[in-house]
Each structure stands twice: as structure tokens, then as C-alpha cells.
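Notes for the structure review
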Amino acid sequence: MKRNIFLFFCIVAAVTLHAGPVNNIYDVRHFGARGDGKHLDSPAINRAIEKASAHGGGTVLVPAGTYLCGSIHLTNNINLVIDTGATILGAPQSLKAYDAEEDVTGPAYQDGGHTYFHNSLIWGENLTNVFITGHGMINGGGLVRSDGFENRMDGAENMIDKVDTATGPTNQWPQHLGNKSIALKLCRNVVIRDITIYHGGHFAIIVTGCNNTTIDDVTIDTDRDGMDIDCCKNTTVSNCRVNSPRDDGICPKASYALGYPFITENLTIVNCQVSGFVEGTLLDGRMVYSPSGTGRIKFGTESSCGFRNCTVENCTFDDCHGFALEEVDGATLEDITVDNITMRNVLDYAIYITTGKRDRTPNLTTSSHARNILISNVIADGVGKMSGIQIMGMPDVPVEGVRLDNIRLISNGGGTTNDAAREPKELGTIYPEPSRLGILPAYGIFARHVKDLELDNISTSFKTNDLRSAMICSDVNGLQVDNFRPQVADGVTPAKFDNVTSLEIRNSPALEAKPAATQ
């Protein structure tokens, strides 16, 4: 009798292990996954995905447990559900569980991290209907944050600034070195929703060349980039929390990673939070200050293909850098709106708009352009001494059509007379970061090489006495200032205008009483 009962349960176990899907749900445990955090479960998860794919697609369920994984391969029509209580844990590099970097031909004009995708924890390429959902976690675990080896592989290590000669990828020593949590390339109809990513490697999420992508209600706490949206069309990022103390939080890019021009356009970023707390302290609720706190939403630096028709609204910045628009690789950034933004404890700057001549683009015949930019309803409190708002074009190609409306900027102050006398160098071919130019001679607004600049209803003040002007405009063709309310230290000129033409000042007593303009 006991023997019959034992055989019965053996048969039941065997049937369960090899059972087909229930309601088109493929449970990874039925394919051999253990979820004990010790045994490598990615082969079993891949078997479940392959089985679902063979039947036209379905839901691959990762139930509660900890699943040690190397590379997981997505396919068409798959919903990878990381359920509540489930963690996909990145395997240590010693297991060699990540796929090798793919072969890439031709010169590389982008950082190595944008060249290779297959050495990721979860990846897919040339797919349709890709979904990663659930209330579970991806813990990068053994993923590395460095991309130095990839820069050496694709020849990008000498291209941090301007390209002189672009070398092709060497691919001489594939590393199998996992450094991204989720990497999707040339996919259509993508949804990433409700998951949490901790310690995500170089990129927690990178989507390149994708169309119709939704990233919603995702929490990321990592020490490199949170999410990069590169050469993508029709993308919505909403209700996300991204903490990234040592790199960018939400970072639209337009690199040459596809080997041909592909603009980033029709992008909406809404109701998101970015921060630069110590890694892990967003998730545990402590939110510990980090002196390096990068965080931020930044367009660029990779900008070979340009940006168009993008909106950022209802977002908060905390203990991180401010908002940045950077077009330095010879394309055009245009038709950008930014609205309803709050910033607190902002490092170095609140708003940074720049063009430059890094020019990491093949066969380039055009200069970088930025135009048609509206930024409105911004509060930035505790802005670092370096600068407040920077708008920097090039001597031969100005930034065009910028309007700043209803902005309250509160600087930490502390500027000296030496700071006020500084003359910032041109960005030229170097990497676009305000720290490369240093402290600016205006604590509030510094605009140079701009055409058609409108400043409406802007207030600037400081917490510690500052001996710099509130605003400096140089080489600006067409400047309208309405209701500008600066705090100014005794004896300091509120605003300075050098080579400014078509200047109109309205409802701004501080400027009208003390004009300091050369036109």
C-alpha cells in the first residue's frame, strides 16, 4: 500500500514537472527552476520562454523565490511576470553565465555600453510584443557597473571628447561580462511595468531603436544609469522612481548604435521622481545624501541622431543634478517642452541647455542645433554655487527660440568677486558638463550665443550672500525680459548685457533702475 502511494506521488510530481501551461501561463518551476538563490535558474527560465514561444507566446511566470540567473533570452509575444516575492538575481561573473558580446562590424561612434546588448541579464532583439511586468524585483547582484572593457572592445575609449578617427570594434576578447539588467534593441510594442530594479549594472534599463515603448510604475535604485531611451520613437515613461547617485537617472539619447541615423522622437516623461541618494537608500526609505548625487533627467550626451517632439512634466528632482538638454554630435534637438518641475538640493545647476562640437557622427556635414524649447513652472531650491540656469550655444550657431516662464530659483549662493569676474571658456569639442566650465559669473541665469530668448516671470535669490550678478547675457540676438525679480547683494549690478540686440525689458524695476547694457 505504501509503495502504491509512493508511486502515485512520483507520477503526480513527474506530471507536474512536465505539465503544459495552465491558462497559457508557463511556470518556470515546471521547467526546473528552483528559486533557492543557489542553483543557476536561467536555463530553466529560458526553457519556459522557448516553450511559450513555440506555442505562439504566453505568460512566463516567475513565482516567489530567488532565482540566480545569467542571460535570459526574450522572444516574441512573451509576458515575463516577476511575481510578488520573486527576485531575479544576477549571477556572479565567475559563473560565466552571461552571453558573450555580439559581433559588431564597422566603426563605433558611441560608448561601448551602447554597442553591446547580449551580455545582459535580460535581453531581446528584433522582437514584437515584449512585456516585463509584475511586482517582483531584479537584483543585479553580480552585474558590473563598468563599461571600460566595452569601450576598449568597440574603440570608444579615446572618444570621450571629439572624434578624430573612429576605430571599429575589436571583438578580440569576448568577456561574457554581464553589465546591464534589461537590454532591448529594435523591438516593437514594449511594456515594462511595476517591477523594481536594484543595483542594475551599467544600465538598469536600456532600450535602443524601439517603437511604442511604455515604462510605467518602475522603481530603480542603482549606481549607474537608471534608464536610457536611445533612438526610440513613441515612448512613454510614467510614474517611475529612479535613484542613481553616480550617473544619470532618466536619460534619453540618440546615439549611432544602430549604424544608421534614427532620431529619438515622440517621447513623454511624466510623473517621475529622480534622485541621487546613496544606492539602496531609496528602497529602504533612509534616502541618505550622496555628495556625488548625479541622478537627473538628461537628454544626451550621445546625440548623433537628434531629439524631436519631447515632453517632460510633473517630475521631481532630489539631491541630484538638474535638468539637461545636450546636443553636441551634429544633429538637432527641437520642439521640447518641460513643465511643472520641482527640484531640491540641486548640485551644480538647475537647468542646462547646450550645444557643442564633439561631433561623434560619421560623414558629418552639419553643426549641432537646439531650438524651440519651452521650460515653465519650475521651483529649484538649494541650487549649488556653480550656476543656476545655463543656456550655451556656439559662436557660429546660436541656440534658438528658448522661453523660460514662471521659474523660482533659490541658490545656495557664496559667489565671490573673483567668481563674478570669470569669463567661461567655450565648450567646443569637450564633453558637455557644467563642471568642465566651472563656476559662472552669474548665480541665476547665464546665456551666451542665443537667438530669440524670452524670460518671463522669473525670480532668483540666494541663501548666502553672493557677489555675482543675477543674470548675464552675452551675444544674444532678441532678448525679452518680463517681470524679472532678482535678489542682488549691495553694490552688485543686477544684470549685465554684452552684445545683446533687440532687448526689451518690462515690469522689472531692478533692471530698469540700473541698466547695464551694451547693444
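From a predicted model like this one, the values you see are computed outputs, not experimental measurements.

Attention now goes to the overall build of the protein. Looking only at helices and strands, one finds 6 helices and 32 strands in the protein. Split into buried and exposed, the 519 residues of the protein put 58% on the buried side. Partitioning the contacts of the protein with sequence separation of at least 6, the portion at a separation of at least 24 is 72%. Of the roughly 19,200 Å² of accessible surface on the protein, a fraction of 49% belongs to carbon and sulfur atoms.

Here we take up the packing of aromatic side chains. Counted under the stated rule, the structure contains 7 aromatic pairs. The interplanar angle of 70 degrees and the centroid separation of 5.5 Å between the aromatic rings of Phe299 and Phe307 together place this pair among those described as edge-to-face. We note that Phe299, like Phe307, is buried. Look at Tyr349 and Tyr352: their rings are 5.7 Å apart centre to centre, the planes differ by 50 degrees, and that puts the pair in the tilted class.

On a regular strand, one side chain projects to one face of the sheet and the next to the other, so that they alternate. Both strand 12 (residues 188-193) and strand 15 (residues 211-216) contribute to a ladder of 5 bridges, which runs parallel. Bridge pairing links Val190 to Thr213 in strand 15. As paired strands, strand 15 and strand 18 (residues 233-238) are joined by 5 bridges and run parallel to one another. The residue of strand 18 that forms the bridge with Thr214 is Thr236.

Before going further, it helps to spend a moment on helix 2 (residues 42-54). Between its first and last C-alpha, helix 2 extends 18 Å over 13 residues, near the 18 Å set by a 1.5 Å rise per residue. For helix 2, every residue scored as buried is listed here: Ser42, Ala44, Ile45, Asn46, Ala48, Ile49 and Ala52. Phi turns positive one or two residues past the end of helix 2, at Gly56, with a value near 90 degrees.

We now examine the side chain of Asp216. Among the secondary structure elements, Asp216 is positioned in strand 15. For Asp216, a relative accessible area of 13% corresponds to the buried category. The residues touching Asp216, leaving out its near neighbours within four places in the chain, are Ile192, Arg193, Asp194, Ser238, Asn239 and Cys240.

This part takes up unusual backbone geometry. The step from Gly300 to Thr301 runs through a cis peptide bond, and the omega angle for that step is 5 degrees. In this fold, Thr301 is placed in the loop between strand 23 (295-299) and strand 24 (307-327). Even without a glycine there, the phi angle at Asn24 is positive, about 65 degrees. Considering the arrangement of structural elements, one finds Asn24 in the loop between helix 1 (2-17) and strand 1 (25-27).

Each value, and the rule that gives it
Every chain is numbered on its own, with residues counted from 1 as its sequence reads. It should be noted that, the model being predicted, local features are given only for residues of pLDDT at least 70 and side-chain atom pairs only at 80 or more, the latter also being counted only at that level, while totals for whole chains, interfaces and linings use all residues. Values reported for side chains reflect all heavy atoms of the structure, with hydrogen atoms and water molecules removed beforehand. To qualify as a helix, a DSSP run of H or I must reach at least 4 residues; to qualify as a strand, a run of E must reach at least 2; elements of each kind are numbered from the N terminus. Only protein chains enter the calculation, and the probe is 1.4 Å; a residue is then buried if its accessible area is under 20% of its type maximum, exposed if over 50%, and partly exposed in between. Note on definitions: a residue-residue contact is assigned when non-hydrogen atoms from the two residues lie within 4.5 Å. Computed with the Shrake-Rupley method and a 1.4 Å probe, the accessible areas treat only the protein chains shown as cover for residues. Any two of the Phe, Tyr and Trp rings considered here, Trp counted by its six-membered ring, make a pair once their centres fall within 6.5 Å; the pair's planes then place it as stacked at under 30 degrees, edge-to-face at over 60, or tilted in between. Only strands that DSSP links by at least two bridges are regarded as paired with each other. Take the number of residues in a helix, subtract one, and multiply by 1.5 Å to get its expected span.

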